[in-house]
Amino acid sequence: MKIQIQLFKAFFVSGILGFGGGPTIIPLLHKEVVEKYKLMTDDDFSDVLSIGNTLPGPIATKMAGYIGYRIGGLLGLINALFASVMPTVLLIIILLNSLNQFSNSDFINNMSKGVIPIVTVMMGLYAFDFLKKSHKALGLKISAIIFLFSFITIVVFDLHPGIIIGSLLILALALPAKGGKEQ
């Protein structure tokens, strides 16, 4: 039961504080699931995030479903999904009811714009953390090649990130593992 309460708290807090959607929830989830409750390791969380990013749909619910199932079985899956979605449902009902009253308020409009730099910093810190892990796992040369290749194909050629991720997964499966035996 303790695990179920921790799962609920971790995903509820992330859901209630994750202003802006999936990318802002990821660092919050990491803080709750890995650092605060120690429900999984940093590497396991990165693996879940990597796999979740290859699948269609909102990242928060994919991660809630998988982490909940992995930590607490079927009840954990339902619990984590409910906890991650419930804050959004409640807040959207409250906010939509209030929207008409404050839709022309400069304060509300400026407050929304003021959150953007905070979200940018959170995403930048998480991206930097991924770069460090990539450097550690693959080395500087391979990490730099993958980074530059991804950047150029996404930004310059406007190729969908899913195509690049899928291609890299196929390449990783096709190449023999380092230090492993070829079959």
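Structure's up top.
About the criteria used
- Residues numbered from 1 in each chain as written.
- Predicted model: local features only at pLDDT ≥ 70, side-chain atom pairs only at ≥ 80, totals over all residues.
- Heavy atoms only, no water.
- Helix = DSSP H or I, 4+ residues; strand = E, 2+ residues; numbered from the N terminus.
- Contact = heavy atoms within 4.5 Å.
- Areas by Shrake-Rupley, 256 points an atom, 1.4 Å probe, with all protein chains shown as cover.
- Lys, Arg positive; Asp, Glu negative; His and termini not counted.
- Charge placed at Lys NZ, Arg CZ, Asp CG, Glu CD.
- 1 Å grid on protein atoms, 1.4 Å probe; cavity = no way out; pocket = protein on both sides within 12 Å on 5 of 7 lines; lining within 4 Å.
- Points joined across faces, edges and corners; volume = space filled by probe spheres on them.
- Nonpolar A, V, L, I, M, F, W, Y, C, P; charged D, E, K, R; others polar.
- Expected span 1.5 Å × (residues − 1).
- Buried < 20%, exposed > 50% of the residue type's maximum accessible area, 1.4 Å probe, protein only.
- Polar contact = N/O pair within 3.5 Å; in protein donor to acceptor, adjacent residues only side chain to side chain.
- Phe/Tyr/Trp six-rings, centres within 6.5 Å; stacked < 30°, edge-to-face > 60°.
- Lys NZ or Arg CZ within 6 Å of the ring centre and 35° of its normal.
- Salt bridge = Lys/Arg side-chain N within 4 Å of Asp/Glu carboxyl O.

**Quick word on the overall build of the protein chain**
The number of helices and strands found in the protein chain is seven helices and zero strands. Traced from its N-terminal end to its C-terminal end, the protein chain shows the element sequence α-α-α-α-α-α-α. Each principal axis of the C-alpha atoms in the protein chain carries an extent, and together these give about 65 × 45 × 25 Å. A fraction of 48% describes how many contacts in the protein chain between residues 6 or more apart in sequence connect residues 24 or more apart. Put simply, the protein chain shows about 12600 Å² of open surface, and 72% of that area lies on carbon and sulfur atoms. Charge centroids of the protein chain, computed over 14 positive and 10 negative side chains, lie 5 Å from each other.

**Some thoughts on unusual backbone geometry**
For Lys38, which is not glycine, the phi dihedral falls at a positive 50 degrees. Tracing the sequence through the fold places Lys38 in the loop between helix H2 (22-36) and helix H3 (42-54). The backbone of Asp158 shows a phi angle near 55 degrees, a positive value even though the residue is not glycine. Locating Asp158 in the fold gives a position in the loop between helix H6 (140-156) and helix H7 (161-174).

**Thoughts on the layout of surface pockets**
Its volume calculated, the largest pocket comes out at about 2300 Å³. In terms of lining, the largest pocket is formed by 49 residues, of which the most central are Ser50, Phe130, Ser134, Ile146 and Leu168. With eleven residues, the single largest contributor to the lining of the largest pocket is helix H5 (residues 106-138). Looking at side-chain class alone, the lining of the largest pocket contains 32 nonpolar, nine polar and eight charged residues. Of the volumes computed, that of the second largest pocket is approximately 660 Å³. Within the residue set of the lining of the second largest pocket, elements represented by two or more residues are helix H1 (2-17), helix H4 (59-102) and H5.

**Brief notes about H5**
Over its 33 residues, H5 extends 48 Å from the first C-alpha to the last, a length consistent with the 48 Å expected when each residue adds 1.5 Å. Inspection of H5 places Val119, Tyr126 and Lys133 among the buried residues, and these make up the whole buried set. For H5, the secondary structure elements touched by its buried residues are H2 and H3. Of the residues that open H5, the one with a side-chain oxygen 3.3 Å from the backbone nitrogen of Phe107 is Ser105. With its phi angle positive at about 95 degrees, Gly139 sits one or two positions after the end of H5.

**A word on the packing of aromatic side chains**
Applying the stated criterion to the full structure yields three aromatic pairs. Note on Tyr126 and Phe130: the rings are 5.2 Å apart at their centroids and 80 degrees apart in plane angle, and the pair reads as edge-to-face. With Tyr126 and Phe130 both in helix H5 and four residues apart, this pair spans about one turn of that helix. With a relative accessible area of 10%, Tyr126 lands in the buried category. Given a relative accessible area of 28%, Phe130 falls into the partly exposed group. Their ring planes at 15 degrees and their centres at 6.4 Å tell us that Phe147 and Phe151 sit as a pair that is stacked. Of this pair, Phe147 and Phe151 are both found in helix H6, four residues apart, which corresponds to roughly one turn of the helix. We classify Phe147 as partly exposed; its relative accessible area is 43%. Positioned over the ring face of Phe130 is Lys133, at 5.9 Å from the centre of the ring.

**Some words on the pattern of salt bridges**
The full count for this structure, using the stated rule, is four salt bridges. One salt bridge in this structure joins Lys133 and Asp42, with 3.1 Å as the shortest N-O distance. Within this pair, whereas Lys133 is found in helix H5, its partner Asp42 is found in helix H3, the two being separated by 91 residues in sequence. Residue Asp42 is classed as partly exposed on the basis of its relative accessible area of 28%. Between Asp129 and Lys133 there is a salt bridge, with the nearest N and O atoms lying 3.2 Å from each other. Residue Asp129 and its partner Lys133 are located together in helix H5, separated by four residues, close to a single helical turn. One salt-bridge network, in which partners are shared between bridges, spans Asp42, Asp129 and Lys133.

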